[in-house]
Amino acid sequence: MVEELDPFKIAQQQLDEAASIMNLDKQALALLREPMQTVIVNFPAKMRDGKTRTFRGFRVLYNNARGPGKGGIRYHPEETIETVKALSAWMTWKCSLANIQYGGSKGGVICDTKKLNETELENISRAYIRAISKFIGPEVDVPAPDVYTTPQMMAWMMDEFSRIKEHNVFGVITGKPLEVWGSEGRNDSTALGGLYILREAAKMKKIDLKKAKVAIQGFGNAGHFAFSIASEMFGCKIVAISDSQGGVYDEKGLDLKKLDEAKEKTGSVQGYKGGKKVSNEELLELNVDILIPAAIENQIHGGNAARIKPKILLELANGPVTPEADKILSANGVLDLPDFLVNSGGVIGSYFEWIQNQQGYYWTREEFDKKLDVIVTKSFKDVMATQKEYAEKGKKINPRMAAYIIAVGRVASAMKTRGWY
Ligand code: GLU
């Protein structure tokens, strides 16, 4: 049988499994299996030749029982409503597990940023916000950056929304540049949160991070910061990294500055001088202590999971492991830490930015990092405690299921208390 790779079906499958283990009420499950609101927009944006082109965009509010929708906007040539729905579900579980005052949502526009210039990207960003302006707001749904979207785009979007409302609404969007009240620390908070979790996991498994060999798939915001933080803060040796075109491997360890230069000059980390070229698939199968997928969905699947055996698999990307792979990794004893735990630092950073925007009072970088550490460390410990609690009841579950049980349980209780079922 060919493995199911429709991300929304995967999200539903994971929820169904958690619901059955935790005996979730049927009505709660019916409410949680589908998004509350799905918006699809078709809008024009002006291109460099002066003509307009039509774009398709999405914004899905999955659940707002615990707070406004929250989640990034992806600009991807192969974006689909199914992917956005899945990611909005994962945002709901992510915010709930972190125990921050948000529901979950996600957005996307079908476009290829590599083929668009700065003006076109600005026009698309503004036009998308005009198209979805009725469905967002600081108390309604708060977007942020994600795959191929940047702080600059968030600034244009905030500006467009503020024009529509005829006053500044900084808190409508997070991940903004500092000049327009972004937050110190937000830019690398996804990676930093993930690495605080790695620190806790390594402590638990008695792994010395100074001696650890690490491979990272992805050289975007998350992958890049994961490299610098893992090497500078923990002294890990990063032996492999990749981007969408492929990767590079050197068992003596890679140099980030040289990688940046290679990317700048040749467009890919594969232009790195030294080491040897590896494909994205090969990178995942390298013999390393810690593997960090930090790119896109479905990278570790039924076809390659049996060959992937790091001591710790740190899911910094959203949805990198399919359900079939999830089972294989667990059976092989890989400590696979799920995406919505590991990459929650991004949205927690957004939450901090939003709080500061609402108050008009700004924190230091130290305060930001310390508060982030407290939240993610607690989430990690909650997940481990839930796994242990179920094991004591004779039910063997992996960290992903433990995280689901906590997150779904909190959203279900909020819905129950509000009288939704
Ligand atoms: N795009 C990030 C994520 O998937 C951050 C979302 C946010 O900050 O709202 O978690």
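As the structure is a computational prediction, the values presented were derived from the model and not from experiment.

### Observations regarding the overall build of the protein chain
In terms of helices and strands, the protein chain carries 14 helices and twelve strands. The globule rule puts the C-alpha radius of gyration for 421 residues at 22 Å, and the 21 Å found for the protein chain is close to it. Seen along its three principal axes, the alpha-carbon backbone of the protein chain occupies a region of about 55 × 55 × 50 Å. Taking all 421 residues of the protein chain together, the buried fraction comes to 61%. Within the protein chain, counting contacts between residues at least 6 apart in sequence, those at least 24 apart form 69% of the total. If you sum the accessible surface of the protein chain, you get close to 17,700 Å²; carbon and sulfur atoms cover 51% of it. Between the centroid of the 57 positive side chains of the protein chain and the centroid of its 52 negative side chains there is a distance of 2 Å.

### Brief notes about the pairing of strand 2 (residues 52-63)
Relative to strand 2, strand 1 (residues 37-46) runs antiparallel, the two sharing ten bridges. Looking at strand 2, one finds that valine 39 is bridged to arginine 59. From the end of strand 1 to the start of strand 2, which pair antiparallel, there are five residues, and glycine 50 there has a positive phi angle of about 90°. Here strand 2 runs beside strand 4 (residues 104-110); their pairing, made up of six bridges, is antiparallel. Among the inter-strand pairings, leucine 61 is bridged to a residue of strand 4, identified as serine 105.

### Concerning helix 6 (residues 189-205)
Every α-helical turn comprises 3.6 residues, leaving residues that sit three or four positions apart pointing alike. With 17 residues, helix 6 ought to run about 24 Å at 1.5 Å a step, and its terminal C-alpha atoms sit 24 Å apart, in line with that. Judged by how many residues are buried, helix 6 sits mostly within the fold: 13 of 17 residues are covered. The positive-phi residue at the C-terminal boundary of helix 6 is lysine 206, with phi of around 55°.

### Describing the packing of helix 3 (residues 81-98) against helix 12 (residues 344-359)
Orientation of helix 3 relative to helix 12, taken along the N-to-C sense of each, is 70°, at an axis distance of 10 Å. In terms of their interaxial angle, helix 3 and helix 12 are classed as roughly perpendicular. On the side of helix 3, the interface is formed by Met91, Lys94, Cys95 and Ala98, while helix 12 contributes Ser344, Val347 and Ile348. Its residues placed into classes, the contact of helix 3 with helix 12 shows five nonpolar, one polar and one charged.

### A look at a negative patch on the surface
Taken together, the side chains of Asp255, Asp260, Glu261 and Glu264 define an acidic patch exposed on the protein surface. Tracing the sequence through the fold places aspartate 255 in the loop between strand 8 (246-249) and helix 8 (256-266). Residue class for aspartate 255 comes out partly exposed when judged on its relative accessible area of 35%.

### Focus on the packing of aromatic side chains
Under the definition given, this model contains twelve aromatic pairs. Considering the side-chain rings of tyrosine 102 and tyrosine 351, the 5.6 Å spacing of their centres and the 80° angle between planes classify their relative orientation as edge-to-face. Taken together, the residues tyrosine 102 in the loop between helix 3 and strand 4 and tyrosine 351 in helix 12 connect sequence positions 249 residues apart. Seen from the ring of tyrosine 102, lysine 70 lies directly overhead, with NZ or CZ sitting 5.9 Å from the centre. Sitting over the ring of tyrosine 390, lysine 393 keeps its end group 4.0 Å from the ring centre.

### Structural notes on helix 14 (residues 399-418)
Between its first and last C-alpha, helix 14 extends 29 Å over 20 residues, near the 28 Å set by a 1.5 Å rise per residue. The buried fraction of helix 14 amounts to 16 of the 20 residues, a majority that puts the element mostly inside the structure.

### Examining the sheet that holds strand 4
The five strands are arranged 1-2-4-3-5 in an open sheet whose pairing can be described as mixed. Every other strand in the sheet has two partners, leaving strand 1 and strand 5 (141-145) as the edge strands with one partner each. Across the sheet, the mean angle from the axis of one strand to that of its neighbour is 25°, orientation sign disregarded. Here five bridges tie strand 3 (residues 69-76) to strand 5, and the two strands are oriented parallel to one another. Among the inter-strand pairings, glycine 71 is bridged to a residue of strand 5, identified as proline 143.

### Overview of the packing of helix 6 against helix 7 (residues 221-234)
Axis separation between helix 6 and helix 7 bottoms out at 8 Å; the angle between their running directions is 45°. As far as their axial angle goes, helix 7 and helix 6 are oblique. Note that helix 6 runs across helix 7; the crossing there is right-handed. The segment helix 6 lies against helix 7, with Thr190, Ala191, Leu192, Leu195, Tyr196 and Arg199 engaging Ala222, Phe225, Ala226, Ile229, Ala230, Met233 and Phe234. Of the residues contributing to the contact of helix 6 with helix 7, the split by class is eleven nonpolar, one polar and one charged.

### A word on the site of the ligand
Close to the ligand lie 14 residues, the nearest being Lys70, Lys94, Pro145, Asp146 and Ser350. Between the ligand and the protein, one listed contact pairs an oxygen atom with a side-chain N or O atom of lysine 70 at 2.7 Å. Residue asparagine 318 places a side-chain N or O atom 3.1 Å away from an oxygen atom belonging to the ligand. For the ligand, whose free accessible area comes to 290 Å², the fraction covered by protein is 95%. Of all the elements in the fold, those that place two or more residues in the shell around the ligand are strand 3, helix 3, strand 5 and helix 12. Counted by class, the shell around the ligand contains four nonpolar, five polar and five charged residues.

### Remarks on the nonpolar core
By size, the foremost hydrophobic cluster in this structure holds 95 residues, and its most contacted members are Leu24, Trp93, Ile100, Ile216, Leu259 and Leu337. Considering every element that reaches this core, the biggest residue donor is helix 14, with twelve residues. What leucine 337 contacts, discounting residues up to four positions off in sequence, is Ile197, Ala201, Ile312, Leu313, Leu314, Glu315, Val342, Phe380, Met384 and Pro399. One finds Val41, Val109, Trp156 and Phe161 within the second-largest nonpolar core, a separate group that totals 27 residues.

Cut-offs applied
Residues numbered from 1 in each chain as written. Predicted model: local features only at pLDDT ≥ 70, side-chain atom pairs only at ≥ 80, totals over all residues. Heavy atoms only, no water. Helix = DSSP H or I, 4+ residues; strand = E, 2+ residues; numbered from the N terminus. Rg over C-alpha atoms; globule rule 2.2 N^0.38 Å. Buried < 20%, exposed > 50% of the residue type's maximum accessible area, 1.4 Å probe, protein only. Contact = heavy atoms within 4.5 Å. Areas by Shrake-Rupley, 256 points an atom, 1.4 Å probe, with all protein chains shown as cover. Lys, Arg positive; Asp, Glu negative; His and termini not counted. Charge placed at Lys NZ, Arg CZ, Asp CG, Glu CD. Pairing = 2+ DSSP bridges. Expected span 1.5 Å × (residues − 1). Axes fitted to C-alpha atoms, helices over the stretch in contact; angles between N-to-C directions. Parallel < 35°, antiparallel > 145°, perpendicular 65-115°, else oblique. Nonpolar A, V, L, I, M, F, W, Y, C, P; charged D, E, K, R; others polar. Patch = residues over 30% accessible without salt bridge, like charges linked within 9 Å, V, L, I, M, F, W, Y side chains within 5 Å. Salt bridge = Lys/Arg side-chain N within 4 Å of Asp/Glu carboxyl O. Phe/Tyr/Trp six-rings, centres within 6.5 Å; stacked < 30°, edge-to-face > 60°. Lys NZ or Arg CZ within 6 Å of the ring centre and 35° of its normal. Left-handed = near helix turned anticlockwise from the far one by under 90°. Near = heavy atom within 4 Å. Polar contact = N/O pair within 3.5 Å; in protein donor to acceptor, adjacent residues only side chain to side chain. Core = buried A, V, L, I, M, F, W, Y, C linked by side-chain atoms within 4.5 Å.

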